[in-house]
Amino acid sequence: ALDKSHLWHPFTQHRDWNAPEHEPLVLVEGEGALLRDSEGREYIDGNSSIWTNLHGHRHPKIDAAIRAQLDRVAHTSFLGFTHPLAAELARELVALWPANTLTRVFLSDDGSTAVEVALKMAVQFWQQNGHPERTRFIAFSGAYHGDTMGASSLGGISTFHGRFSAWQFPAEHVASVGALDTLDSTTIAAVVIEPLMQGAAGMRLWPRGMLAELRRWCDEHGVLLILDEVMTGFGRTGKMFACEHEGVIPDFIALAKGLTGGYLPLAATLTSERIFNAFLGGPDRTLYYGHSYTANQLGCAAALASLAIFREERVLEQLAGKIDLLARLLGKPRGQRYVAEVRQCGFMAGVELRRTEQEAFPADQFIGAKVCLAARRHGLLTRPIRDTIVLMPPYCINEAQIGGMVSALATAIREVCG
Ligand code: PMP
């Protein structure tokens, strides 16, 4: 009742899903890949709590790291101050990349700001590097880079971004690397992309080799490359970062969501010495960006613990088998009626439902939302992007739970679609 009196929920508040049971679920506890509601019912967290949670809920090592930090201090300003956890975290993030590539780290709050920081750095880089004419940003059709006005200017999804277009800066969108050749590259500041898979667009896969092709295009034309690995980063694709699959190193990478293992809002934008030095050489040595909670000490403690778990629990090695299992199990819904396509990239997948191969379900039937509500009744929490159902569980999920997740989805699809 209090929720209804006072709270607004992102996107889901007033949507008529034609389903009386569309009530926000009251989640009160979690453990591993499971979440529990206020009535004691258990669910598989099939979306890792909106793609953030990596190692499960209440992981003892992250819990302990946050508790230990609470005994010291929870938060201190990063404007002219520092602390050991932030410095340690920066060193560890840099060490995930080949030597002398991405060596500079700016910490912020969430995925949107991590992207915006990269945009502002790119603007200032060109201003201070003798090319103030390089002002244009290019993104890809269907892109999602966050909901703040700057990040949403790059967005290519009309439902989310369209109505604000008069207030957004004029980013341009292309559908492929080839289309970049139609643009005047000398005025482009940077190209921004979600590598390998676009998430909010509906779990859409890029063709293999596309990212490497984009890197080559940027190099040829002197354009900066910003990778948004807010979703794909920290193991989601089976490697630590998606760009490793194509041997690409960006000029900027935006990281958030999984950075703290999904515990606290913290983000990082990494860039190179070359970009960083341009700031020092310019008349203005400052990056004009800063938030109150930058480098929050509890967030840094959680992030360090999450990275330690990757090493100590050999998370990526363990994940390889689970990625294969998910692929095998998804073969079943793949053959099911109304399942038009199953798209998987590492440990994330989208199951697209269509009335026929040629024809989507009418939008006002809210088939995706109804399937997710049915899945909820079968113990799976997931989310629709229109009629594509997203599966992106925590890495700690066990084999039986992966099976339970896929069969709950298959049952829900049968119940709703017939
Ligand atoms: N980039 C991508 C690829 C995302 O998926 C998201 C969030 N879904 C964001 C940026 C924005 O992150 P946040 O919601 O933490 O601001």
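Residues numbered from 1 in each chain as written. Predicted model: local features only at pLDDT ≥ 70, side-chain atom pairs only at ≥ 80, totals over all residues.

Topologically, Asp364 is positioned in the loop between strand S14 (348-353) and helix H13 (367-377). Remark: the alpha-carbon pair of Asp364 and Leu154, spanning 210 residues in sequence, is separated by 27 Å. (Helix = DSSP H or I, 4+ residues; strand = E, 2+ residues; numbered from the N terminus.)

Relative to the assigned elements, Gly290 resides in the loop between helix H9 (273-281) and helix H10 (297-312). Distance from Gly290 to Leu79, taken between C-alpha atoms, is 7.9 Å for residues 211 residues apart in sequence.

Before going further, it helps to examine the sheet that holds strand S17 (residues 388-391). Backbone hydrogen bonds are what pair the strands of a sheet, in a parallel or an antiparallel way. Spatially, 4 strands are ordered S13-S14-S17-S16 in an open sheet, and the strand pairing comes out antiparallel. Strand pairing shows two members of the sheet lacking a second neighbour, strand S13 (339-345) and strand S16 (383-385), which therefore form its edges. For this sheet the average axis-to-axis angle between neighbouring strands, irrespective of direction, equals 25°. As defined by bridge partners, S13 adjoins S14 across 6 bridges and the pair is classed as antiparallel. Note on S14: the bridge partner recorded for Val342 is Val351. Packed onto the sheet, H13 meets S14, S16 and S17 and runs at close to 170° relative to S16. On the sheet, helix H14 (residues 399-417) packs against S13, S14 and S17 and is oriented at approximately 15° with respect to S14. (Pairing = 2+ DSSP bridges. Axes fitted to C-alpha atoms, helices over the stretch in contact; angles between N-to-C directions. Contact = placed C-beta atoms within 7 Å.)

Next up on the list: the site of the ligand. Neighbouring residues of the ligand: 15 residues in total, closest Asp110, Gly111, Ser112, Gly146 and Val230. Residue contributions to the shell around the ligand peak at 3 residues, all from helix H5 (residues 111-127). Across the shell around the ligand, the residue classes break down as 6 nonpolar, 5 polar and 4 charged. (Near = placed C-beta within 6 Å. Nonpolar A, V, L, I, M, F, W, Y, C, P; charged D, E, K, R; others polar.)

For the protein, the domain assignment lists domain 1 (2-55 + 314-417) and domain 2 (64-312). A straight line from the C-alpha centre of domain 1 to that of domain 2 covers 27 Å. Contacts between the two partners involve 25 residues from domain 1 and, on the opposite side, 21 residues from domain 2. Elements represented by at least two residues in the side of domain 1 that touches domain 2 include exactly helix H2 (48-51), helix H11 (315-329), S13, S14 and S17. It is H11 that contributes the most residues to the side of domain 1 that touches domain 2, 5 residues altogether. Split by residue class, the side of domain 1 that touches domain 2 holds 14 nonpolar, 8 polar and 3 charged. (Domains from an automatic or database assignment.)

What follows concerns H14. With 19 residues, H14 extends 27 Å from end C-alpha to end C-alpha; this agrees with the ideal 27 Å at 1.5 Å per step. Residues Gln401, Ile402, Met405, Val406, Ala408, Leu409, Ala410, Ala412, Ile413, Val416 and Cys417 constitute the buried set of H14. Downstream of H14 by one or two residues, Gly418 has phi in the positive range, about 95°. (Expected span 1.5 Å × (residues − 1). Buried ≥ 20, exposed ≤ 12 C-beta atoms within 10 Å, placed from the backbone.)

On to the UniProt feature "modified residue: N6-(pyridoxal phosphate)lysine" (unreviewed entry) in the protein. Mapped onto the present numbering, the UniProt feature "modified residue: N6-(pyridoxal phosphate)lysine" (unreviewed entry) falls on Lys257. Relative to the assigned elements, Lys257 resides in the loop between strand S11 (252-255) and strand S12 (267-271). Ignoring anything within four residues of it in the chain, the contact list for Lys257 reads Trp51, Thr52, Gly111, Val230 and Met231. (UniProt positions renumbered as here; feature names shortened; annotations may be inferred.)

Even without being glycine, Leu196 reaches a positive phi, approximately 65°. Unlike most non-glycine residues, Phe234 shows phi in positive territory, near 60°. Turning to its location among the elements, Phe234 is positioned in the loop between strand S10 (224-228) and S11. Residue Phe234 is classed as buried on the basis of its C-beta count, with 28 C-beta atoms lying within 10 Å.

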